Every structure is written in C-alpha cells, then in structure tokens.
Amino acid sequence: MRIDWTLPDKRVGFWGFIDTLIGPGATKAEKNLQLYPPFIFAAGVIVFGFYQNTDWNVWQYILVSLMAVDMVGGAITNSTSAAKRWFFREGEGFKAHMTFIAIHLIQITLFSWAFLGFDLGWIAMVYGFTLASCAAILLTPLYLQRPFAALIYCIALLLSLYVFENPEHLEWFLPILFFKLLVSHTLREEPYQP
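A few points on the structure. (Residues numbered from 1 in each chain as written. Predicted model: local features only at pLDDT ≥ 70, side-chain atom pairs only at ≥ 80, totals over all residues. Heavy atoms only, no water.)

Notes on unusual backbone geometry
For Phe118, which is not glycine, the phi dihedral falls at a positive 55 degrees. Accessibility expressed as a relative area gives 38% for Phe118, which makes it partly exposed. Positive phi, normally seen in glycine, also occurs at His169, with a value near 75 degrees. Within the secondary structure, His169 is located in the loop between α8 (142–162) and α9 (173–185). By relative accessible area, His169 is classed as buried at 15%. (Buried < 20%, exposed > 50% of the residue type's maximum accessible area, 1.4 Å probe, protein only. Helix = DSSP H or I, 4+ residues; strand = E, 2+ residues; numbered from the N terminus.)

This is the structure we're talking about:
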C-alpha cells in the first residue's frame, strides 16, 4: 500500500461542492461505499418504523431518513482516504475541525425537537460531551489519538445506552453520531491509495 498526501484539484461547480464534502480524488470504491450503504440503512429504518407501528408523522419519517443517510454516510465518508487527505490538508487545524463538529448542533437540536419534545437539557449534555470529547482527542498527541478516541467512544457508548435518553427505535442515533465525530472525523490517518 502506498500513502499519498498529494491533494488533487477540486472540480468546479456542483462536483466541486461534492469534493468539499467527500474530499477531491475519491476513488469509485470510496464513492460507492459512501453512497449505497447510507441509503440502504435509511430504507431499513423506515421499513422498521412501519413494521413496529411507530407513531411518527410524515415529517418525522422524512427527518429520520435524512439523518440516517447523513449519520451513516458521514461515518463512512469521514474515514475514507480522500476525506483524510482533504480534512487534514495544510492549513486545516483545530479550529477547522471544531467548526465542522460544532455544526452538528443543528442535527442534535432537530433530533431533540422531533423526538424528545425539544429537551434543552439533553441537547446541552449531548452537545457539550461531543465538543469536549472531540477537542480532547484533537489536542492529544498524535501517537495516542487513536487509542484515546477508542476510550472516549467506549464512554460515549455507555452514555448513549444508560445516561442520555433515546427515543424508542432510534437508539442507533447517538452511537453513530459519536462514531462519526469521535472516530471517523477527528482521527488523522494516512490516506492509503490503491
């Protein structure tokens, strides 16, 4: 395997926007992994919701399907070599990573609004834990970041299961959100190339 940090040029127009999300130069295999599994997961969530006779309304179904695509897609995308090369390029430091992570307040808030009656305490706890954990991982010496992120994710999983409230049938949301941000996004890893 070869490691290549050389950043390909971003395309223009719509495809340039896509490159901003997934990293320029993503291979066909990376694109397929980012595209198909998230939609399959979202379809599964919808089918399961109907099968379990959840009391979700149309807007909740739409929101949960969009979040499922984004959570699973983000967990996959942020761990690709193209994304590592892009998000850890020259000039992208702590502030850029924390800005990306901070934007997830929108998803946490929408989730709470749609499924937890807009619980401000839950939003504050989940968001606070997310920001503090990601900052701690990013500030850890590089050689310890991966095991430290694993430790923090184990704590996040316990909090997801036993401390933070989870709406029935949506127990997957927090573990995948935490995986996406604590493990997939924050870790600087070598961009292996085929």
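Let's talk about the environment of Phe94
Note that Phe94 resides in helix α5 (residues 94–102). Sequence separation between Phe94 and Thr186 is 92 residues, and the spatial gap between their C-alpha atoms is 9.5 Å. Not counting chain neighbours up to four residues away, the residues in contact with Phe94 comprise Ala135, Leu138 and Leu139. (Contact = heavy atoms within 4.5 Å.)

Examining the packing of helix α6 (residues 105–115) against α9
With their axes 12 Å apart at the nearest point, α6 and α9 run at an angle of 180 degrees to one another. By the angle between their directions, the pair α6 and α9 is classed as roughly antiparallel. In contact with Gln107, Ile108 and Phe111 of α6, α9 contributes Phe173, Leu177 and Lys180. A class-by-class count of the residues in the contact of α6 with α9 yields four nonpolar, one polar and one charged. (Axes fitted to C-alpha atoms, helices over the stretch in contact; angles between N-to-C directions. Parallel < 35°, antiparallel > 145°, perpendicular 65-115°, else oblique. Nonpolar A, V, L, I, M, F, W, Y, C, P; charged D, E, K, R; others polar.)

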